[in-house]
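Residues per chain are reported as follows:
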Amino acid sequence: MNVTNSVSAIAVVDLANELINQGLLSETELKAIGYDLYDAFVQFALEQSIVERRLPEVYLVTLWQRVGLESKLSFDMSRKVNDYSKGLLANWISYSDTLATAFNIFKENISLLNQAEQWELHAAPTDKITLSFCHQSCLNYPSNATERSMVAVVVWASELLGEKLIVDSAQFAYPQPTYHDEYTSLFGQKISFGAKSNHIVIFKDQFHKKLLHRNPYLQSILKERAKHVQEFMVGRSTMVAKVKTLLAMNFRKYCNVDDLASALNVSRATLYRRLKEEGWTHSNIVREARLSKISELKGQNISCEDMASQLGFRDVSSYYRLLKSQENDPRG
């Protein structure tokens, strides 16, 4: 896994769930794409948070390529707003004061969702604003993926406003789908396909309306969490912080030193040296992260066997030894 080319795990798992529900993918096939993808899928099914978890971009593209170009799956997926499937960026913009603020946060921090997506906002001297979209990637994103983004942005805007977002016109760089008539309910009558670019034109008056769920406090908290993930993505965080982030993504995988070093693009010796320079050892970080996770999940009805597996233990007795050592620790 290259941690610099990643997408939100929730975006990948959400698509995987839809494909499985539609009979286009089996869990066995999902596991074959990547074990860390399957692990995130299982965690999500168990209602464990994967909001800050990252997965390789190639997993998302691989799943999109399972969808036929004439399939209506991406369109129908985008028409639904599932609060449980909100990623870090979606939660952050949900508490914005206006749609303008939400779009600017979205545009500037789109890498939290997908590092390949790019949105541009152009304010004309008239009463309209143009939103342009494209994928910038060496991977081949099919038109379904573009459709997903274009439809979703209008649906999300309407959800934030608490009323239908009025679209003046829209252009799409992909061919006209067989279900194109359904586009008019979202994008109005002025629609064209096979254009040179993807863009949506909306009106400024809605852009500056107050949003229903604005909350500066919650937004500030989510902004800090987003900053933490972004620092990790661009490599500015400490080695300890990177290790903790990877452990939070997948204990079972990254308790293994070799897998951890590979994900961080360093040798085992370099990893140990960098951690020592910051006053830590690999075992100490893993122990602290496990205890933190145990505290976080305290009170939930999770068996000791499942907890041991989630925390990357080879057997449940090792999990019990950790609990016992914590009880005997005078520091608590």
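Note that the coordinates shown come from a computational prediction; the quantities given were computed from them, not determined experimentally.

What counts, and at which threshold
- Residues numbered from 1 in each chain as written.
- Predicted model: local features only at pLDDT ≥ 70, side-chain atom pairs only at ≥ 80, totals over all residues.
- Heavy atoms only, no water.
- Helix = DSSP H or I, 4+ residues; strand = E, 2+ residues; numbered from the N terminus.
- Buried < 20%, exposed > 50% of the residue type's maximum accessible area, 1.4 Å probe, protein only.
- Contact = heavy atoms within 4.5 Å.
- Areas by Shrake-Rupley, 256 points an atom, 1.4 Å probe, with all protein chains shown as cover.
- Pairing = 2+ DSSP bridges.
- Salt bridge = Lys/Arg side-chain N within 4 Å of Asp/Glu carboxyl O.
- Axes fitted to C-alpha atoms, helices over the stretch in contact; angles between N-to-C directions.

Colleague: Is there a simple way to think about the overall build of the protein chain in this case?
Modeller: Within the protein chain, the regular secondary structure consists of 18 helices and 7 strands. For the protein chain, the spread of C-alpha atoms along the three principal axes comes to 70 × 40 × 40 Å. Within the protein chain, the fraction of its 332 residues that count as buried is 48%. Look at the contacts in the protein chain between residues 6 or more apart in sequence, and 67% of them connect residues 24 or more apart. Counting every atom, the protein chain has about 16400 Å² of accessible surface; 49% of that belongs to carbon and sulfur.

Colleague: In this structure, what is going on with the environment of Thr 146? I would like to understand it.
Modeller: By secondary structure assignment, the location of Thr 146 is in helix H8 (residues 143-161). Considered as a pair, Thr 146 and Asn 198 are 52 residues apart in the sequence and their alpha carbons are 8.5 Å apart. With residues up to four places along the chain from it excluded, the contact list for Thr 146 reads Phe 133, His 135, Tyr 174 and Asn 198.

Colleague: Could you clarify how one ought to interpret unusual backbone geometry in this entry?
Modeller: The phi torsion of most residues other than glycine is negative, and most of the peptide bonds are trans. Of note in this structure, Glu 47 is not a glycine but carries a positive phi near 65°. As for its placement among the helices and strands, Glu 47 is situated in the loop between helix H3 (35-45) and strand E2 (54-56). By relative accessible area, which is 63% here, Glu 47 ends up exposed.

Colleague: Which parts of the structure should I look at to understand the pairing of strand E4 (residues 128-135)?
Modeller: For a regular strand, side chains alternate in direction, first toward one face of the sheet and then toward the other. One ladder, built from 7 bridges, connects strand E3 (residues 117-123) with E4; its direction is antiparallel. Residue Trp 119 lies in a different strand from E4, and its bridge partner there is Phe 133. Linkage of E3 to E4, two consecutive antiparallel strands, is achieved through a turn of 4 residues.

Colleague: Would you explain the pattern of salt bridges in this entry?
Modeller: When the charged atoms of two side chains lie near each other, side chains of opposite charge can form a pair. All chains considered together, the criterion is met by 14 salt bridges. Note that Asp 14 is salt-bridged to Arg 148, the shortest N-O span being 3.2 Å. Pair noted here: Asp 14 is in helix H1 (residues 9-21) and Arg 148 is in helix H8, with a separation of 134 residues, a long-range link. Lys 72 serves as the salt-bridge partner of Glu 182, at 3.3 Å between the closest nitrogen and oxygen. Linking Glu 182 in the loop between strand E5 (167-172) and helix H9 (184-187) with Lys 72 in the loop between helix H4 (57-64) and helix H5 (73-78), this pair joins segments that are 110 residues apart in sequence.

Colleague: Got a minute to help me understand the sheet that holds E5 in this structure?
Modeller: Backbone-to-backbone hydrogen bonds join strands into a sheet, with any given pair of strands oriented parallel or antiparallel. Across the sheet, which stays open at both edges, the 5 strands sit in the order E3-E4-E7-E5-E6 with mixed pairing between neighbours. Each edge of the sheet is formed by a strand with only one pairing partner; in this case those strands are E3 and strand E6 (191-193). Each strand of the sheet is rotated relative to its neighbour by a mean of 10°, with strand direction disregarded. In terms of strand pairing, E5 meets E6 through 3 bridges, oriented parallel. Directly across from Phe 172, in E6, lies its bridge partner Phe 193. Packing of helix H7 (residues 99-108) onto the sheet brings it into contact with E3, E4 and strand E7 (198-203), and relative to E3 it is tilted by some 140°. Packing of H8 onto the sheet brings it into contact with E3, E4, E5 and E7, and relative to E7 it is tilted by some 5°.

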